[in-house]
Amino acid sequence: GETATVQGTSVIPPLLEISVSLSSYITGDIVDVTLSLRLSTPLTSGNSLELTLPEGFDGSAATFVSAIVSGAPQNLQVSASSDPRVILLVSPTDIAEEVAVRCTLGGVVNRHYATPDALPVSIRTLQSTTGLIIDIASPGTTLSAPLLPGALAAPPTMTLTDLRTAHHSMLRVSFSLSGRNALRASARL
């Protein structure tokens, strides 16, 4: 596919080795979501891991099933969000940097089909008092979504800005087209 890259100074450390999977990819199922990652920055007690699910998913009734942090069981608390797609996991204890975290959440509703290789999620760690981002999914992480015919009603606009420094960050956009869904000659990227 074609690739367009916009670059700037990225100051927010990346989350590493990210993996997100569902126990079922069938429309309408209530599923478990398993999230694996490695932190770049320590997560202190009371701070949270934020998982934003794809459009149409509902995590408002999500429950904590299990977590393994650095090879040992850990309890994380699920916290409510005003957006049903957003699940906040609050750590009651400090988690060191470079630590592997694997957690499973239950009770998530998959209201539409999502293939295992195209689960468009957003993942970041946040300071509880300020809401500032600690770590975020790295620009090289493939968390992709299928671009379906008619999915873009208006031209999308995106600017990624580091909340701490107001500098622009990196954005990498990758896509491929089938012969049936070719871009018009007048299309701009």
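Remember, predicted model here, so these are calculated numbers, not experimental data.

1. Focus: the side chain of N47
Then, in step 1: Following the sequence through the fold, N47 ends up in the loop between strand 3 (30-38) and strand 4 (48-52).
Then, in step 2: Residue classification places N47 among the buried positions, given a relative accessible area of 9%.
Then, in step 3: At 2.9 Å, the side chain of N47 forms a polar contact with the backbone nitrogen of S128.
Then, in step 4: Here N47 is in contact with L89, V90, S91, L126, Q127, S128 and I134, once residues within four sequence places are set aside.

2. Remarks on the environment of T27
Then, in step 1: Positionally, T27 belongs in the loop between strand 2 (14-22) and strand 3.
Then, in step 2: Expressed as a C-alpha distance, the spacing of T27 and H112, which sit 85 residues apart in the sequence, is 4.6 Å.

3. Some remarks on unusual backbone geometry
Then, in step 1: Phi at S70 is positive, roughly 55 degrees, even though this residue is not glycine.
Then, in step 2: Tracing the sequence through the fold places S70 in the loop between strand 6 (63-69) and strand 7 (72-73).

4. A closer look at the confidence of the model for the protein chain
Then, in step 1: Confidence in the prediction of the protein chain, expressed as mean pLDDT, is 76, and 63% of residues score 70 or more.
Then, in step 2: Averaged pLDDT values for the elements of the protein chain fall to 53 in strand 1 (residues 2-6) and rise to 94 in strand 6.

5. Details of the side chain of S24
Then, in step 1: Tracing the backbone shows S24 in the loop between strand 2 and strand 3.
Then, in step 2: There is a polar contact of 2.4 Å between the side chain of S24 and the side chain of D29.
Then, in step 3: What S24 contacts, discounting residues up to four positions off in sequence, is D29, V31 and N110.

Thresholds applied
Residues numbered from 1 in each chain as written. Predicted model: local features only at pLDDT ≥ 70, side-chain atom pairs only at ≥ 80, totals over all residues. Heavy atoms only, no water. Helix = DSSP H or I, 4+ residues; strand = E, 2+ residues; numbered from the N terminus. Buried < 20%, exposed > 50% of the residue type's maximum accessible area, 1.4 Å probe, protein only. Polar contact = N/O pair within 3.5 Å; in protein donor to acceptor, adjacent residues only side chain to side chain. Contact = heavy atoms within 4.5 Å. pLDDT = per-residue confidence, 0-100.

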